[in-house]
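# Structure assessment
Listed below are the residues making up each chain.
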Amino acid sequence: MNPPRRVHVIGASSGIGHASVRELAARGAQVVASARRADRLDQLATDLVGRVHAQVLDIADGDPGAGVRRAVETLGGLDALVVAAGLPTMDFLRDSNVG
């Protein structure tokens, strides 16, 4: 089975999300890496130039679905969404129209 080619990872600045971005990029995926900490996202994008697109996103603020929509625009679609951020609920996915 081939890995997904266009992936949005939310919670990409540390832990499982960070490791997921690195592994997906190593396997050839284009990744939008989202999190609150711009400095860590910028470092990922620098380390994995051409494969990772940094996107500052705080899913607790406003419309988190907007971040997913931006990822879709950046990559021309999505094959997978990884949510590795600490969240009280996943309601933002149910309640968002991401296209």
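Residues numbered from 1 in each chain as written. Predicted model: local features only at pLDDT ≥ 70, side-chain atom pairs only at ≥ 80, totals over all residues. Heavy atoms only, no water.

### Examining the nonpolar core
- The biggest cluster of nonpolar side chains holds 14 residues, and the ones touching the most others in it are Val 9, Ala 12, Val 21, Val 31, Ala 33, Leu 44 and Val 52.
- Taken together, the elements giving at least two residues each to this core come down to strand S1 (6-10), helix H1 (15-26), strand S2 (30-35) and helix H2 (38-47).
- Beyond its immediate chain neighbours, meaning those up to four positions away, Ala 33 contacts Val 9, Ala 12, Val 21, Leu 41, Leu 44, Val 52, His 53, Ala 54 and Gln 55. (Core = buried A, V, L, I, M, F, W, Y, C linked by side-chain atoms within 4.5 Å. Buried < 20%, exposed > 50% of the residue type's maximum accessible area, 1.4 Å probe, protein only. Helix = DSSP H or I, 4+ residues; strand = E, 2+ residues; numbered from the N terminus. Contact = heavy atoms within 4.5 Å.)

### Re the environment of Leu 24
- For Leu 24, the position within the fold is in helix H1.
- Under the relative-accessibility criterion, Leu 24 is labelled buried at 14%.
- Placed 28 residues apart in sequence, Leu 24 and Val 52 show a C-alpha to C-alpha distance of 9.6 Å.
- Those residues within four positions of Leu 24 in sequence are excluded, and the remaining contacts are Val 7, Val 9, Ala 29 and Val 31.

### Notes on the side chain of Ser 13
- Take Ser 13: it is sitting in the loop between S1 and H1.
- Overall, the relative accessible area of 8% leaves Ser 13 in the buried class.
- Within polar-contact distance, the side chain of Ser 13 engages the side chain of Arg 37 at 3.0 Å.
- Excluding anything up to four places from it in sequence, Ser 13 contacts His 18, Ala 35, Arg 37, Arg 40 and Leu 41. (Polar contact = N/O pair within 3.5 Å; in protein donor to acceptor, adjacent residues only side chain to side chain.)

### Quick word on the sheet that holds strand S3 (residues 52-56)
- Spatial strand order, S3-S2-S1-S4: 4 strands in an open sheet with parallel pairing. Either end of the sheet is taken by a strand with one partner, and the two such strands are S3 and strand S4 (80-83). The mean inter-strand angle of the sheet, taken between neighbouring strand axes irrespective of direction, is 15 degrees.
- Of the pairings in the sheet, the one linking S2 to S3 comprises 5 bridges and is parallel in character. Across the sheet, Ala 35 pairs through a bridge with Val 56, a residue of S3.
- Contacts from H2 reach S2 and S3, with the element oriented near 170 degrees to S3. (Pairing = 2+ DSSP bridges. Axes fitted to C-alpha atoms, helices over the stretch in contact; angles between N-to-C directions.)

### Observations concerning the environment of Asp 39
- Within the secondary structure, Asp 39 is located in helix H2.
- Take Asp 39: its relative accessible area is 56%, and that puts it in the exposed class.
- Note: C-alpha distance between Asp 39 and Val 56 (17 residues apart in sequence) is 9.5 Å.

### Some remarks on the side chain of His 8
- Here His 8 is to be found in strand S1.
- At 2.7 Å, the side chain of His 8 and the side chain of Ser 34 are in polar contact.
- Engagement of the side chain of His 8 in a polar contact is seen with the side chain of Gln 55, the distance being 3.4 Å.
- Leave out the neighbours within four places in its chain, and His 8 touches Val 32, Ser 34, Gln 55, Leu 57, Gly 67, Val 68, Ala 71, Leu 78, Ala 80, Leu 81 and Val 82.

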